[in-house]
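Coordinate analysis (summary)
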Amino acid sequence: MQLIQEKPDLSAYLAADEAIDHRHPLVRATAAHLAEMAADSYVYAQAAYEYVRDAIPHSADSGDPRVTWRASDVLEQGTGICHAKAHALAALLRAEDIPTALCYQRLTHDAGSGHCVHGLVAVRFRGGWHRQDCRGNKPGVDARFSLDGERLAFLPDAKSNEMDYPVLYAAPHPAVLRALKNAPDRPHLWENLPDAL
């Protein structure tokens, strides 16, 4: 699949906004801690990915009812769904000047009814974009950081009307952000995730 930059200027993929608040002290401190142990930007990107994937549980997997959407809140509260975790990873990567995009898939909903939009990120290395899924592993899900072929949590099934969206967004998609901000708790959010973009 050909990934398409929403914004032609790479600087858009380094910007801070209300969700990817990489200038927040907690984001900066977390990035600095991870960077201390990293020999280069590749090692740092993998460390940031593994931190968000493994140290911050996916709230549906853990049963946490809280809804986070701002990167600093995800890091502070230690919880989030895929979209929130993608915001946290994007903030940690952008904090170290690694261009990072938000991207999406349309998947069959875990609740068993219809579809929902799933969030991941893409990092810019070696002159190209590489998608990464930091949602967190569980039985049947084994996502890994990779610049040599995708190791995502889910592969869309076209027969089930699932799909990869090719657009690389500089900021969270408005429909996703609206669902996160308007949800009083995760069970409500789970029933009100966008089903398409």
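Residues numbered from 1 in each chain as written. Predicted model: local features only at pLDDT ≥ 70, side-chain atom pairs only at ≥ 80, totals over all residues. Heavy atoms only, no water.

1. A closer look at the layout of surface pockets
If you add up the space inside the largest pocket, you get close to 220 Å³. Residue lining of the largest pocket: 16 residues in total, with Leu-107, Asp-110, Cys-116, His-118 and Phe-154 positioned closest to the centre. The set of elements that each furnish at least two residues to the lining of the largest pocket consists of strand 2 (100-108) and strand 3 (115-125). With three residues, strand 3 is the single largest residue contributor to the lining of the largest pocket. Partitioned by chemical class, the residues of the lining of the largest pocket number nine nonpolar, three polar and four charged. (1 Å grid on protein atoms, 1.4 Å probe; cavity = no way out; pocket = protein on both sides within 12 Å on 5 of 7 lines; lining within 4 Å. Points joined across faces, edges and corners; volume = space filled by probe spheres on them. Helix = DSSP H or I, 4+ residues; strand = E, 2+ residues; numbered from the N terminus. Nonpolar A, V, L, I, M, F, W, Y, C, P; charged D, E, K, R; others polar.)

2. Examining the packing of helix 2 (residues 41-55) against helix 5 (residues 82-95)
Relative orientation of the contacting elements helix 2 and helix 5 amounts to 155°, with a least axis distance of 10 Å. In terms of orientation, helix 2 and helix 5 fall into the roughly antiparallel class. Considering how the two elements wind past one another, helix 2 and helix 5 form a crossing that is right-handed. Contacts between helix 2 and helix 5 involve Tyr-44, Ala-45, Ala-48, Tyr-49, Tyr-51, Val-52 and Arg-53 on the former and, on the latter, Lys-85, Ala-88, Leu-89, Leu-92 and Leu-93. In the contact of helix 2 with helix 5, the residues fall into ten nonpolar, no polar and two charged. (Axes fitted to C-alpha atoms, helices over the stretch in contact; angles between N-to-C directions. Parallel < 35°, antiparallel > 145°, perpendicular 65-115°, else oblique. Left-handed = near helix turned anticlockwise from the far one by under 90°. Contact = heavy atoms within 4.5 Å.)

3. Remarks on the environment of Asp-21
Topologically, Asp-21 is positioned in the loop between strand 1 (4-5) and helix 1 (25-36). Considered as a pair, Asp-21 and Gln-5 are 16 residues apart in the sequence and their alpha carbons are 21 Å apart. In this view, Asp-21 contacts Val-27, Arg-70, Ala-71, Ser-72 and Ala-91; residues no more than four positions away in its chain are not counted.

4. Brief notes about the nonpolar core
Counting residues in hydrophobic clusters, the biggest one holds 50 residues, and the most contacted among them are Tyr-44, Leu-89, Leu-92, Leu-93 and Leu-102. Taken together, the elements giving at least two residues each to this core come down to helix 1, helix 2, helix 4 (71-77), helix 5, strand 2, strand 3, helix 6 (174-182) and helix 7 (186-191). The element contributing the most residues to this core is helix 5, with nine residues. In this structure, Leu-3, Tyr-13, Ala-101 and Cys-103 belong to the second largest nonpolar core, which totals eleven residues. (Core = buried A, V, L, I, M, F, W, Y, C linked by side-chain atoms within 4.5 Å. Buried < 20%, exposed > 50% of the residue type's maximum accessible area, 1.4 Å probe, protein only.)

5. Points about the packing of aromatic side chains
Where two aromatic rings form a pair, the distance of their centres and the angle of their planes describe that pair. A full pass over the atoms with the stated rule returns four aromatic pairs. Pairing Tyr-13 with Trp-129 gives two aromatic rings, centres 5.2 Å apart and planes at 65°, and the pair type is edge-to-face. Here Tyr-13 is found in the loop between strand 1 and helix 1, whereas its partner Trp-129 is found in strand 4 (residues 128-132), with 116 residues between them in sequence. Ring centres of Tyr-104 and Tyr-169 lie 5.7 Å apart, and the angle between their planes is 65°; this geometry places the pair in the edge-to-face category. (Phe/Tyr/Trp six-rings, centres within 6.5 Å; stacked < 30°, edge-to-face > 60°.)

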